[in-house]
Amino acid sequence: MTNILITGAGSGIGRVTARAFLAAGWQVGLIGRRQAALEETAGGNAAALVLPCDVTDPAAVDAAFKAAFDRWGRLDVLFNNAGQSAPAAPIDEIAVDTWLQVNAVNITGMFLCARAAFGQMRRQSPQGGRIINNGSISAHVPRPGSVPYTMSKHAVTGLTRTLGLDGRAFNIACGQIDIGNALTEMAARFPAGVPQADGAIRTEPVMDAAHVADAVMHMATLPLSVNIPFVTIMARDMPYIGRG
């Protein structure tokens, strides 16, 4: 049976994607800080493996990945999804602690989980697997006042490109999904209006997060000889093409 680890599986895109993979018959490891939220995602499905873990903690990440490997005997896919945003503000009004926390999750957490997955995929037999990083529209263009989040998502792109290159020798594929305005807790305010580049407050269209899960499923089920390095999925009319 094919298996996948999903970080940030206790809510939002992680939860929707985890449930889609469970419905498709995969074994799914659910990584996140809150056990109760992970149990809710699992919904009692016997194919779900609940793995409470803070992705910023190296020892906790290694232990979670080892637990999954011990259960399954291999790791086929990592959806490296966990992420955090911050309230919009000019850079001089952003607390250093806010910067550190966003990047602890969005950069260090991404690195630690990719590192653990890459190591297991490299060592297992048959060798190989797939890593799918959750980037963002902000990996391409920023929203106003988004220095920590935007910088972190540009860093994710660097991770994806490098792993896509380094993984070739070990039959490991790495791609990135850049998501715009999927309706989760993070995007709940968009229909009510959010700041634009010209200073106006405008409503923005959103899309069902199930479409993201469908895209991740497509990436995950490709043969390892095929890769989608980058894919953008977004609410059609959101201000990305022509943003600003």
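Let me begin by describing the structure that accompanies this report. The shown structure was predicted, so the numbers you read here are calculated from the model rather than taken from an experiment.

### Considerations on the environment of leucine 38
(1) Moving on: Here leucine 38 shows up in helix 2 (residues 35-42).
(2) Moving on: For the pair leucine 38 and valine 206, spaced 168 residues apart in sequence, the C-alpha separation works out to 25 Å.
(3) Moving on: Sequence-distant contacts of leucine 38, defined by excluding residues within four places in its chain, comprise Ala9, Gly10, Leu30, Ile31, Gly32, Val50, Leu51 and Pro52.

### Side note on the environment of isoleucine 4
(1) Moving on: Looking at the secondary structure, you find isoleucine 4 in strand 1 (residues 3-7).
(2) Moving on: Since its relative accessible area comes to 0%, isoleucine 4 is described here as buried.
(3) Moving on: Sequence separation between isoleucine 4 and leucine 30 is 26 residues; the distance between their C-alpha atoms is 8.8 Å.
(4) Moving on: Filtering out sequence-adjacent residues up to four positions away, isoleucine 4 remains in contact with Phe21, Trp26, Gln27, Val28, Gly29, Trp72, Val77 and Phe79.

### Here we look at the pairing of strand 1
(1) Moving on: Of all 5 residues that make up strand 1, 5 are buried, and the element is covered over most of its length.
(2) Moving on: Of the two faces of strand 1, the one lined by Asn3, Leu5 and Thr7 and the one lined by Ile4 and Ile6 are each fully buried.
(3) Moving on: Direction of pairing for strand 1 relative to strand 2 (residues 27-32): parallel, over a ladder of 5 bridges. The residue bridging leucine 5 from the neighbouring strand is glycine 29, located in strand 2.
(4) Moving on: Read from strand 1 through helix 1 (residues 12-23) to strand 2, the crossover connection turns out right-handed.
(5) Moving on: Examined bridge by bridge, strand 1 and strand 4 (residues 77-80) share 3 bridges and lie parallel to one another. Among the inter-strand pairings, isoleucine 6 is bridged to a residue of strand 4, identified as phenylalanine 79.

Rules and cut-offs
- Residue numbering note: each chain is counted from 1, following its sequence as written.
- Per-residue local features are limited, in this predicted model, to residues with pLDDT of at least 70; the limit for side-chain atom pairs, both in listing and counting, is 80 or more; totals at the level of whole chains, interfaces and linings are taken over all residues.
- Note that the side-chain values use all heavy atoms of the structure and ignore hydrogens as well as water.
- Comment: elements are numbered from the N terminus, with helices defined as DSSP H or I runs of at least four residues and strands as E runs of at least two.
- What makes two residues a contact is simply this: any of their non-hydrogen atoms within 4.5 Å.
- For the exposure calls, accessible area comes from a 1.4 Å probe over protein chains only, and a residue counts as buried if that area is under 20% of its type's maximum, exposed if over 50%, partly exposed in between.
- At least two DSSP bridges between two strands are required for those strands to pair.
- Handedness of a crossover: with both strands directed away from the viewer, a clockwise path from the first strand across the helix to the second marks it as right-handed.

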